[in-house]
Amino acid sequence: MDRTQLLIGVAVALFSLGLVGVIVRRNVLVMLMCMELMLNGVNLSLVTFAQQTATTVGAVLVFLVFVVATVEIALAIPIVLLLVRDKRTLDLGAYNELKG
Amino acid sequence: MIEGLLQTADTLLLLLCAVGAVTGAVLMVVLRQPMRVAIALITTMMLLGAIYGLLGVHFIAAFQVLIYVGAVMVFMVYTIMLLEMREATSRRFSKLLIPGVAGLLVLLGAIVASVWRPLPSPVGELGQISYGIAGFSVSFLNDYWLLFELTSVLLVAAVVAALAVIGIGRRASRG
Amino acid sequence: MMLTTIALLPLLGFVLNGVLATRLGGNLVGKPFVTVVGCGLPVVSFVLVVVACFTLQAGGYAPLVETAYRWAQIGEGRFEVGFYFDRLTAVMALVVTGVGSVIHVYSVGYMKDDPGYGRFFAYLNLFLFFMLLLVLGRSLLVLFVGWEGVGLASYLLIGFWFDDLANARAGKKAFITNRIGDAGFLFGMFLLYQAFGTLDMDRINAAFGGATLPAVSASLVGLLLFIGATGKSAQIPLHVWLPDAMAGPTPVSALIHAATMVTAGVYLVARMSGVYLHAPEASQVIAVVGVTTAFFAATIALVQTDIKKVLAYSTISQLGFMFLALGVGAYGVAIFHVVTHAFFKACLFLGAGSVIHALGGEQDVRKMGGLARRIPLTFWTFAIATAAIAGIPPLAGFFSKDEILWYAFASARGGSPLLWGVAAATALMTAFYMFRLLWLTFLGRSRMSAEVEHHVHESPWSMTGVLALLALLSAIGGFIAVPHFLEPQLALPAVDETLHHFETPLLVVSVVLALAGLAAAAFLFGGPPERAERLRARFAGVHRWLSGKYFIDELYERVIGRPLVWISDRIFLRLGDRALLDGTLNGMAALGRGTGRLLGRVQTGSLHLYAWLVLVGIAGALIWSLRHV
């Protein structure tokens, strides 16, 4: 196994664990953090592949992913705050207004 | 020989960082208290930054630590502290624990089966710096200037949205 | 253009009266306008028919042909609206417009106080228009339009006082029974068109008389067309509508159900004589059906107590005679009987109308009697017409009926002593029941209630004048040698040489039968009522059977009506409409609803489930691409 394969394996592991975390954990904030984990996994794979070319495209993409992640978290947390203020609990099982 | 040793040390460090990152991720999913989960995530991110450094893209490593750990995770930690609810008795896992784990295994299997083949040989050697931050910036602002502008727009949109959220929050608290 | 004008004038009358004189147009015009238009236009038509007759004669009796316009062109087939005027048409058109016009005049007096005055004349004119289409038409298609149209007019007029549900039902019964006959008519038309590519009657007759054998069986076509005639001319088994049709106003009964419409079937067979000359089996059937109907209807008429019902069954019986004549090949004689029957039957019906008018609506003969002195004009015209129908010489009915009886016996095309025997018995019964009617209505002691008796009065001149005219025609009409006039076109059948010496004896027998009927009626009903009562008591069972009209209506109801209603209710309504159609539609809706409900169970509102579904999707896509890419 060479380096590339190792890093891709790590990326895959991070992404999968993040996805499972979203499915499995009840706490809203923990779910958010797992989504960040997913983004990190993707970022790692991007960097790995970007290194294999001579252009800067990969790096630019990585940078853009950073920006998007920032923006996302900047908005996701206030939304969570508002929701929690309403429901008074961080348990996702209480949020089922979308039922039916 | 020093080269060989450095090479080996390099690889070993990489391996260590990789293992650490994955361990952090597993801990994230398993730990009970949110604060500890956040610490685990920070660890994973730092180690990822180290990996980027080992790969030679130091500026990206810097961005990783600065943006992710410095901004995103700090914000996260603040929020966890703010929303500290006495939920020690609340359950950790959702109803979909077993389907989730089963799905994970299937997914891993599928992905690994998909990518387990010799990857194309890299143009450049891993670890070789083909461009530094200077080169990156120059090409970013010359060739990909449109994306740069779009990111600023996106950030402005985020600021506006944040203000709106505050507004909603204020109205909700008043009414 | 003349023939088209003859037909269109009554239509104009219908449109004018129908729009202006009814509630549709807001009752814009008064009775005088309706009278002038409603009666005037038929009279003009009559004059034009007379002119046409002279034109025909001047042209050496070559048929006048007029094509009004081309109705349709379908592929190779051309369907034109064309009119045809030859000897037969002349006779029929004269009767239709002549008798029709005088009945219109009669209606002026009869319907004077009716609020639907304008509507009545509109419908009468409509009827006249369609009847003229029927007799003037060149092709079977135009005839059929007229056929259906007179059926429509009959329906409208039978149910003229539709506020009474029984009248509306009678109209409906007439229309539907006619329709059943029309099915046979249509099939006949289809066969003819398929065989000859044309529906022009003169061409079809020529084709059957030609050298080559036509592709279609003449008997089959003959029978199918006769089925149509059965419906229209009230022969067995489709005779049930005519007695019920008496629910309409009396002028309607006189015009439509005595003089003109019901003779349309006779006209059809006579017109298509070219076919029937080559169809001995069909002709046999016609003769048998005709004579059976005649006998059967006469027996029922013996015991009826409603004045109009007696006349209705009498009409059926006389129509049977006409078909008997047609069946043995004496087409001209049948038309002769149509003419004389129009005269005396119209006179009888209108006379009955006059009686009903005088008695203020009473129609039951058991409540009449002794009217001869009170309404003498009506009495004498009724008496003359009764004598005519009974066949007393030298009145009109004697000549035509005697010719029918002679040819029933002696015609080489199916005449037989059996046919003669049944027909003679019917003639005897005809004389008997008609004189019975005369005695019960006019003579003897009065059985009227005092109030009714007080109001008895003679009818106005518009009504009695017409009665006088028709009575006169009934008296002298027999001397119009109609069969002789029609002979070049409708040849009289050959008579076996050996039978010629029976002619005079049979003539004497006819007269004897008529006089015997008169005597029997005078004896039974001229004296005290106990005589008739005793006779009735002795034959109580037969009397009940005859009064109930052999319970044919009940039979039809039991055998045809009720099963059809059952089928409609059980099979078509409950099974077909509700269970199948509604069930399918509702089922599909329920299916949609159920599927929606099932699919809706995916949306639990649980974010964990959604995320897990994303994972399943990704894994699935990867696996699929593994196997196929």
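Residues numbered from 1 in each chain as written. Chains lettered and ligands numbered in written order. Predicted model: local features only at pLDDT ≥ 70, side-chain atom pairs only at ≥ 80, totals over all residues. Heavy atoms only, no water.

A. Broad picture of the overall build of chain A. A count of helical and extended segments in chain A gives 3 helices and 0 strands. Along the chain direction, N to C, the helices and strands of chain A fall in the order α-α-α. Computed over its C-alpha atoms, the radius of gyration of chain A comes to 17 Å, more than 25% above the 13 Å expected for a compact globule of 100 residues. Dimensions of chain A, computed from C-alpha atoms along their principal axes, come out at roughly 50 × 25 × 25 Å. The buried share of chain A, reckoned over its 100 residues, is 65%. Restricting the contact set of chain A to residue pairs at least 6 apart, pairs at least 24 apart contribute 55%. Carbon and sulfur atoms make up 69% of the accessible area of chain A, which totals about 3,500 Å². Side-chain charges of chain A comprise 7 positive and 6 negative groups, with the mean position of each set lying 7 Å from the other. (Helix = DSSP H or I, 4+ residues; strand = E, 2+ residues; numbered from the N terminus. Rg over C-alpha atoms; globule rule 2.2 N^0.38 Å. Buried < 20%, exposed > 50% of the residue type's maximum accessible area, 1.4 Å probe, protein only. Contact = heavy atoms within 4.5 Å. Areas by Shrake-Rupley, 256 points an atom, 1.4 Å probe, with all protein chains shown as cover. Lys, Arg positive; Asp, Glu negative; His and termini not counted. Charge placed at Lys NZ, Arg CZ, Asp CG, Glu CD.)

B. Quick peek at the packing of aromatic side chains. Residues and elements named next belong to chain B. Evaluated as defined, the whole model comprises 36 aromatic pairs over all chains. Summarising the aromatic geometry, the rings of F59 and F63 are spaced 6.5 Å apart at their centres and angled 85° between planes, so their arrangement reads as edge-to-face. Highlighted residues: F59 and F63, both in helix 3 (residues 58–82), separated by 4 residues, approximately one helical turn. Considered together, F59 and F63 belong to a single accessibility category, that of buried residues. (Phe/Tyr/Trp six-rings, centres within 6.5 Å; stacked < 30°, edge-to-face > 60°.)

C. Here's a closer look at the environment of C:I256. Residues and elements named next belong to chain C. The topology assignment puts I256 in helix 10 (residues 250–259). Among the residues examined, I256 registers a relative accessible area of 0% and is labelled buried. Spatially, the C-alpha atom of I256 lies 9.5 Å from that of L128, the residues being 128 residues apart in sequence. Contacts of I256, omitting those with residues within four sequence positions, involve F127, S154, L157, M261 and V262.

D. Structural context of the pairing of strand 1 (residues 64–74) of chain C. Residues and elements named next belong to chain C. Judged from the 9 bridges that link them, strand 1 and strand 2 (residues 77–85) form a sheet pairing that is antiparallel. In the sheet register, V65 faces strand 2, and the bridge partner there is Y84. Here strand 1 hands over to strand 2 after 2 residues, with G75 in that stretch at a positive phi of 65°. (Pairing = 2+ DSSP bridges.)

E. Geometry of the packing of helix 6 (residues 165–196) of chain C against helix 8 (residues 218–232) of chain C. Residue and element names in this part refer to chain C. The geometry of helix 6 relative to helix 8 is characterised by a closest axis approach of 7 Å and an angle of 155° between their N-to-C directions. Taken as axis vectors, helix 6 and helix 8 run roughly antiparallel relative to one another. Considering the relative orientation of helix 6 and helix 8, their crossing is left-handed. On helix 8, the residues that touch N178, G181, G184, F185, F187, G188, L191 and L192 of helix 6 are L220, V221, L224, L225, I227, G228, G231 and K232. (Axes fitted to C-alpha atoms, helices over the stretch in contact; angles between N-to-C directions. Parallel < 35°, antiparallel > 145°, perpendicular 65-115°, else oblique. Left-handed = near helix turned anticlockwise from the far one by under 90°.)

F. Main features of the interface of chain C and chain B. The interface is formed by 9 residues belonging to chain C together with 12 residues belonging to chain B. A per-residue breakdown of the area chain C buries against chain B is headed by C:W612, C:L615 and C:L626, which together make up 49% of the total. Summed over the shared surface of chain C and chain B, the result is 0 salt bridges. Looking at side-chain class alone, the side of chain C that touches chain B contains 8 nonpolar, 1 polar and no charged residues. (Buried area = accessible area lost by both parts, 1.4 Å probe. Salt bridge = Lys/Arg side-chain N within 4 Å of Asp/Glu carboxyl O. Nonpolar A, V, L, I, M, F, W, Y, C, P; charged D, E, K, R; others polar.)

G. Representation of the pattern of salt bridges. All names here are of chain C. The tally for this structure, following the rule as stated, stands at 14 salt bridges over all chains. Across the salt bridge formed by D364 and R366, the nearest N and O atoms sit 3.0 Å from each other. Since its relative accessible area comes to 15%, D364 is described here as buried. Residue class for R366 comes out exposed when judged on its relative accessible area of 52%. For the salt bridge of D569 with R574, the shortest nitrogen-to-oxygen distance reads 3.1 Å. D569 gets classed as partly exposed once you look at its relative accessible area, which sits at 26%.

Keep in mind that these numbers describe shape and distance, not what the molecule does.
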